[in-house]
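Tertiary structure, described
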Amino acid sequence: MGIAFPVAAGETIVTASPIDGDELARLSRHSLADGRAAIARAQTAFRAWREVPAPQRGQLVRIYGDLLRTHKEPLARIVSMECGKILTEARGEVQEVIDICEFATGLSRQLHGLVIATERPGHKLLESWHPMGVFGQITAFNFPAAVWAWGTMVALVCGNAAIWKPSEKTPLTAMACTLLFEKAVAQFGAAPDNLVQTLIGGAELGVLLAENPGVPVLSATGSTRMGRDVAVRVAGRFGRAILELGGNNAAIVAPSADLDLALRGIVFAAAGTAGQRCTSLRRLIVHESLKDTLVTQLKSAFGSLTIGSPLDEASHVGPLIDQLAFTAMQAALGAARAQGGTVWGGERVEAPGEGFYVRPALVEMPAQSDIVREETFAPILYVLSYREFEEAIALQNGVPQGLSSAIFTRDVREAELFQSACGSDCGIANVNIGTSGAEIGGAFGGEKATGGGRAAGSDTWKNYMRRATNTINYSNDLPLAQGVKFDI
Ligand code: UN1
């Protein structure tokens, strides 16, 4: 079942835990030939799977969700060890996988088309939905399980086969998820071989998935740079890409905000997951009357966070993923200083081993300069102030990315305006909660440089299906649409 995971031989990937830099595993890479063979096998699996009724397909996903419930803790520990997020967040991530399984199981009985009013007598006009074929998925290190499940669990109930290329930094979580899925397949007993396959390797396998016409729909989560490359390759063969790329998420703190609540929301969104969520809060747009108070409170809150091993239940902030992330963070802080910023925090915090632990940084900026408009995948919160509400909205929208946004206010007019067509331009616009930590029930994703894709709940299932319009004539006549006459 699936692709056998390669044992160490030939070219290897060595994974290290961000906790202490210690080696976790050595794996060999799947080759391009392995990748091509996987696509061919997935096509065969798809042809069988599309014939299984959707509610039955849902039963496979239900079984997987049940298995995840019983394996939640060990899987969370793998997530924590491999990507460095604190245990409560790692458990939350596995819960997110369980939640999407539940959602997809229900969805398997709700995939529906339409009957549309037709202009012709004795005719019927329908819209029906069919699976696309092979669904490919490229995921990032920071949500090594949940983002995969948002796509793959929904794509499976829609009748597709799936191929997953996880981040090179988190192959063990991917292997654990895949092996557990194979257990579900064995229990289910009626799924074709190779329904879900996982490819371990680097960008070359992502390129293969992006360029291969055997993968009609490809989802990619990661940097805007990666997404631009994937988008062009997929478009070049008229494939469908679902892109979830960078965010540069802001929260507006208005004069009427409940400051206690805002503080808690801001600290979790900015410092949680060590600022390594695509929904992490990166910009605070605070009314000038509150700025000094809030900055003082934030420094004290950031200063009191426990930074340390993610496996220690007392830790609030775990390590950055690797040295490169640390270097990028320090470079961003340097640029912020050069652009007039005042930096508090951001320094490396000593910990046993080679992990890169940092104090979350708070950076007061005189303006939304170039560095503020960039996404740095680390805990840096830039603080800007505003006087008029329109100014706050303009700052919120004045960045290339458009993923998540929030406003803290008790003024209903501000809250409504923020969520209206004239307000936030993001895919997620929250009121009185932070920018991160979305539930799976809604569609997840954003606009502009975030890529425009949507995954998880709502009607995102349509991304994994193709739409057919069907006209049926049950009359004895052949009237043409638009009143066209063509007598022979
Ligand atoms: C991501 O960082 O790629 O909304 C996904 C959230 C999580 C998912 C983040 N549920 O923060």
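All of these numbers come straight from a predicted model, not from anything done at the bench.

Summing up its helical and strand segments, the protein chain has 13 helices and 23 strands in all. For 488 residues, the compact-globule formula gives about 23 Å, and the C-alpha radius of gyration of the protein chain, at 24 Å, lands near that figure. Principal-axis analysis of the C-alpha atoms gives the protein chain an extent of 80 × 60 × 40 Å. Across the 488 residues that make up the protein chain, the buried fraction comes to 52%. Across the protein chain, contacts joining residues at least 24 apart in sequence account for 72% of those joining residues at least 6 apart.

Let's shift gears to the sheet that holds strand 18 (residues 404-408). On the basis of which strands lie adjacent, the open sheet formed by 7 strands has the order 12-15-16-11-10-18-19 and mixed pairing. Single-partner strands in this sheet number two, and they are strand 12 (342-344) and strand 19 (428-431). Neighbour-to-neighbour, the strand axes of this sheet turn through a mean angle of 20°, independent of strand direction. Together, strand 10 (249-253), strand 11 (281-287), strand 16 (380-386) and strand 18 form the strand contacts of helix 12 (residues 389-397), whose direction differs from that of strand 16 by roughly 150°.

Bringing the site of the ligand into the picture now. In the vicinity of the ligand, the residues found are Glu-96, Asn-142, Phe-143, Val-147, Thr-221, Arg-277, Cys-278, Thr-279, Ser-436, Gly-437 and Ala-438. The class makeup of the residues in the shell around the ligand is 4 nonpolar, 5 polar and 2 charged. Formed jointly, the shell around the ligand draws a minimum of three residues from each of two domains, domain 1 (12-241 + 459-471) and domain 2 (249-431).

Turning our eyes to something else, we now look at unusual backbone geometry. Phi angles above zero are rare outside glycine, and Asn-194 is one such case at about 65°. Position of Asn-194 among the secondary structure elements: in the loop between helix 6 (171-188) and strand 7 (196-198). With 24 C-beta atoms counted inside 10 Å, the residue Asn-194 sits in the buried group.

Attention now moves to helix 12. Regarding helix 12, the residues found buried are Phe-389, Ala-392, Ile-393 and Gln-396. Buried residues in helix 12, looked at end-on, bunch into an arc of 95°, giving them a common side. Of the surrounding elements, those touching the buried residues of helix 12 are strand 10, strand 11, strand 16, strand 18 and helix 13 (412-419).

Once that is clear, we can look at helix 2 (residues 54-70). Compared with the 24 Å implied by 1.5 Å per residue over 17 residues, the 25 Å span of helix 2 between its first and last C-alpha is a close match. When helix 2 is considered as a whole, its buried residues turn out to be Arg-57, Gly-58, Leu-60, Val-61, Ile-63, Tyr-64, Gly-65 and Leu-68. Of the surrounding secondary structure, the elements contacted by the buried residues of helix 2 are helix 3 (72-83), helix 4 (87-107), helix 5 (146-157) and helix 6.

Another aspect to go through is the environment of Gly-398. Turning to its location among the elements, Gly-398 is positioned in the loop between helix 12 and strand 17 (401-402). Here Gly-398 falls in the partly exposed class, since 16 other C-beta atoms lie within 10 Å of it. Distance from Gly-398 to Gln-368, taken between C-alpha atoms, is 8.3 Å for residues 30 residues apart in sequence.

Segmentation of the protein chain into domains returns domain 1 (12-241 + 459-471) and domain 2 (249-431). Distance from the C-alpha centre of domain 1 to the C-alpha centre of domain 2: 31 Å. With 15 residues of domain 1 at the interface, the matching set in domain 2 holds 20 residues. Those elements giving two or more residues to the side of domain 1 that touches domain 2 turn out to be helix 3 and helix 4. Looking at the side of domain 1 that touches domain 2 residue by residue, the classes come out as 6 nonpolar, 4 polar and 5 charged.

Once that is clear, we can look at the environment of Glu-374. Within the secondary structure, Glu-374 sits in the loop between strand 15 (361-364) and strand 16. Through-space distance from the C-alpha of Glu-374 to that of Gly-402 is 12 Å; in sequence the pair is 28 residues apart.

What follows is about the pairing of strand 2 (residues 23-28). Pairing of strand 1 (residues 12-16) with strand 2 involves 5 bridges; the strand directions are antiparallel. Across the sheet, residue Thr-12 finds its bridge partner in strand 2, namely Ser-28. Here strand 1 folds back onto strand 2, and the loop between the two strands holds 6 residues, one of which, Gly-21, carries a positive phi near 80°.

This part takes up the packing of helix 3 against helix 6. One can describe the packing of helix 3 onto helix 6 by two numbers: an axis separation of 8 Å at closest approach and a directional angle of 160°. Taken together, the axes of helix 3 and helix 6 lie roughly antiparallel to each other. Once helix 3 is placed against helix 6, the crossing between them reads as left-handed. Contact residues: helix 3 offers Leu-75, Ile-78, Val-79 and Glu-82, while helix 6 offers Leu-172, Thr-173 and Ala-176.

Now for the confidence of the model for the protein chain. Taken as a whole, the protein chain shows an average pLDDT of 97; of its residues, 98% reach a score of 70 or greater. For this predicted complex, the interface score ipTM comes out at 0.97, while the overall pTM is 0.96.

Turning next to the sheet that holds strand 3 (residues 114-116). Ordered in space as 3-4-23, the 3 strands form an open sheet in which the pairing is antiparallel. In this open sheet, the two edge strands, each paired with only one partner strand, are strand 3 and strand 23 (465-473). For this sheet the average axis-to-axis angle between neighbouring strands, irrespective of direction, equals 25°. Relative to strand 4 (residues 123-131), strand 3 runs antiparallel, the two sharing 3 bridges. The partner of Ile-116 across the bridge, within strand 4, is Leu-125.

Parameters at a glance
- Residues numbered from 1 in each chain as written.
- Predicted model: local features only at pLDDT ≥ 70, side-chain atom pairs only at ≥ 80, totals over all residues.
- Helix = DSSP H or I, 4+ residues; strand = E, 2+ residues; numbered from the N terminus.
- Rg over C-alpha atoms; globule rule 2.2 N^0.38 Å.
- Buried ≥ 20, exposed ≤ 12 C-beta atoms within 10 Å, placed from the backbone.
- Contact = placed C-beta atoms within 7 Å.
- Pairing = 2+ DSSP bridges.
- Axes fitted to C-alpha atoms, helices over the stretch in contact; angles between N-to-C directions.
- Near = placed C-beta within 6 Å.
- Nonpolar A, V, L, I, M, F, W, Y, C, P; charged D, E, K, R; others polar.
- Domains from an automatic or database assignment.
- Arc of directions from axis to C-beta.
- Expected span 1.5 Å × (residues − 1).
- Parallel < 35°, antiparallel > 145°, perpendicular 65-115°, else oblique.
- Left-handed = near helix turned anticlockwise from the far one by under 90°.
- pLDDT = per-residue confidence, 0-100.

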